[in-house]
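These are the residues of each chain, in order.
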Amino acid sequence: MAAASYLPSEDQFLCSICLDLFTDPDTIPCGHNFCKTCITEHWDRSDRCQCPICKEAFTTRPDLRVNTLFSEMAAQFRQSAQQKASSSSSRRSEQQVFKPGEVPCDVCTETKLKALKSCLVCLTSYCETHLEPHLTASSLKRHQLIDPVENLEDRMCPKHDKPLELFCKTDQTCVCMLCHVSDHKMHDVVPLKEAYEGKKAELETETQQMIQKRQLKIEEIKHSVDLSKEEADREVAEGVQVFSALKESVERGQADLINTIKEKQKTTENQAEDFIKELEQEISELKKRSSEVEQVTHSEDHLHILQRFMSLKVAPPTKDWTEVSIHSSHEGTVVRAVVQLEETFSEEMKKLIEAELKRVQKYAVEVTLDPDTAHPELILSRDGKQVSLGDVKKNLPDNPERFSGYICVLGKQSFSSGRFYFEVQVKGKTQWTLGVARESINRKGALSPEDGFWAIWLRNGNEYKADAPPVLLSLKSQPQKVGVFVDYEEGLVSFYDVDAEALIYSFTGCFFAEKLFPYFNPSVNGGGTNSAPLIISPVRVN
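Residues numbered from 1 in each chain as written. Predicted model: local features only at pLDDT ≥ 70, side-chain atom pairs only at ≥ 80, totals over all residues. Heavy atoms only, no water.

Let's talk about the layout of surface pockets
By rolling a water-sized probe across the atoms, one finds the places where empty space is left. As a volume, the largest pocket reaches approximately 700 Å³. In this structure, the largest pocket is lined by 26 residues; those nearest its centre are Glu 231, Glu 235, Arg 359, Tyr 363 and Arg 419. Every element with two or more residues in the lining of the largest pocket is listed here: helix H6 (192-297), helix H8 (333-360), strand E18 (481-487) and strand E19 (492-497). The residue makeup of the lining of the largest pocket, split by class, is 12 nonpolar, 4 polar and 10 charged. (1 Å grid on protein atoms, 1.4 Å probe; cavity = no way out; pocket = protein on both sides within 12 Å on 5 of 7 lines; lining within 4 Å. Points joined across faces, edges and corners; volume = space filled by probe spheres on them. Helix = DSSP H or I, 4+ residues; strand = E, 2+ residues; numbered from the N terminus. Nonpolar A, V, L, I, M, F, W, Y, C, P; charged D, E, K, R; others polar.)

Written as structure tokens, this is what we have:
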């Protein structure tokens, strides 16, 4: 029967004094082995002669004899260890050295190599060499290996110093086994892998949903661009049509003006020619008569002269040209032509405003009054559509949103992008203010355009003005219903006379950086002349 193979360990060939492989091992009487030099120096420094391991004392220093068999085995083991070290060094040289940003091997003591795996059981990261036992030893194969990670101590429960192997769904936190049976006993706890799979699926689903939302947003943006292009093409077509009509009108007006002036000039010239012909004919007759008079005046026959004088005296009377003149008839021709052109422009402008009003009415939004912002003297209808000034100041909480300096109220709805439009009936009122205001408008004191509102107002029944900046307005008719349109990105606020389908005023180039709210001020009652309410009206596209 073959003898069982025996592989001595490195510890068996280490001197207990120098802790290195034996050199010239000697055996002392108690049976323990030491390097010859080590045991000799040890006894030289000691007062007593005893074994460093078992402490057996000797009366005299024993003679040292070389353990031949043990010496040969130690030499063979030294040679084997050197070969193994050389092989290991060669393998380590082939492995990648740890670099900044990478996970180092926790076992390497000299040159740190790059870790290939981290063990969640041992909480240690291993390079290729030190990972080998986890790949070969049956007891270590059951350990969970993952791609190398830093701070493995974070995977230990700080309370119980146990691995975080479970996930508590109730508290949404990782726990250890002891946590599960103590603090999380009644909670929904699952293994980390199960929680990971669930979270992974949830994250993948959430990511896909986010991708889908963004893809839909891309389609929405593309569709908006297409609509914008269609609108731009329509605007261009309408603009070309209007300007072509205006151009034709100007050219036609210019041609008519030139023709009218030329015709008047021709009439003047013809009249002058007729006058000249008539004058030349009279001059000819006068010259003939002058010749006859000259002949008579040279005669000595007095009787004949007197007889001829009477005949010459009754010659055809000449015309009195004193009041006859040629007048230019061109005055006012150009002015009348320009007035006619202005009327044409006004007609085209009215058509444009009508079309524009119909377009902005498509952006109509639902607007109701916000009672939390209303001045205590204001009365709001239950449906939040009407506001008027009351006779008594109500005892209301002075919350930060409420106006206390000006008799006004904001709409509940706010807008921070896009376009919106609403209409307000002002019929029967002699004073009012309408527009939009930014969220940070001063609500506790006097208001000024710098506080952040864009509005038009009526005073004294017929005085209209735009605020921010202040502009006096001249209107052809008094609006009974006012439309308010805002294009947030364009920085535009426009007001329309809905019934007349006319533009009242536009604020352009505005800068909006916060929420905008509809703004209403019914003003004072004026002894009953201004007691009618402001009414938010439903928008009906004409």
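There's plenty left to go through after this.
So, the side chain of Asn 399
Looking at the element boundaries, Asn 399 is found in the loop between strand E11 (386-389) and strand E12 (409-410). Each residue touching Asn 399, except ones within four places of it in the same chain, is listed here: Asp 372 and Lys 444. (Contact = heavy atoms within 4.5 Å.)

Structural notes on unusual backbone geometry
Within the chain, Asp 24 stands out as a residue other than glycine whose phi angle is a positive 55 degrees. On the secondary structure map, Asp 24 appears in the segment before strand E1 (25-27). With relative accessibility at 48%, the residue Asp 24 sits in the partly exposed group. Unusually for a residue other than glycine, Gln 172 sits at a positive phi of about 55 degrees. Note on placement: Gln 172 falls in the loop between strand E7 (166-168) and strand E8 (173-175). (Buried < 20%, exposed > 50% of the residue type's maximum accessible area, 1.4 Å probe, protein only.)

Considering the environment of Asn 442
Counting through the fold element by element, Asn 442 comes out in the loop between strand E14 (432-438) and strand E15 (453-459). Note on Asn 442: relative accessible area 28%, which makes it partly exposed. If we skip the residues at most four places from it in the chain, Asn 442 touches Phe 403, Leu 447 and Asp 451.

Side note on the confidence of the model for the protein chain
Averaged over all residues, the pLDDT of the protein chain is 84; the fraction at 70 or higher stands at 90%. Across residues 1-7 the pLDDT falls below 50, and counting only partners more than four positions away or on other chains, this stretch makes 1 contact in the model. (pLDDT = per-residue confidence, 0-100.)

What about the pattern of salt bridges?
Tallying each qualifying case throughout the model produces 12 salt bridges. Of the charged contacts, one joins Glu 366 and Lys 385 as a salt bridge, the two residues approaching to 2.6 Å between their closest N and O atoms. In this pair, Glu 366 is assigned in the loop between H8 and strand E10 (378-380) and Lys 385 in the loop between E10 and E11, connecting sequence segments 19 residues apart. What makes Glu 366 exposed here is its relative accessible area of 52%. Take Lys 385: its relative accessible area is 16%, and that puts it in the buried class. By sharing partners, the salt bridges in this structure join Glu 231, Arg 419 and Asp 487 into a single network. (Salt bridge = Lys/Arg side-chain N within 4 Å of Asp/Glu carboxyl O.)

A look at the sheet that holds strand E5 (residues 124-126)
Each strand in a sheet pairs with its neighbour through backbone hydrogen bonds, running either in the same direction (parallel) or in the opposite one (antiparallel). Pairing is antiparallel across the open sheet formed by 3 strands, whose spatial order is E5-E4-E6. The sheet is open, and its two borders are formed by E5 and strand E6 (145-146), each paired with just one other strand. Pairing geometry for strand E4 (residues 117-119) and E6, over 2 bridges, is antiparallel. Pairing of Ser 118 across the sheet is with Ile 146, part of E6. (Pairing = 2+ DSSP bridges.)

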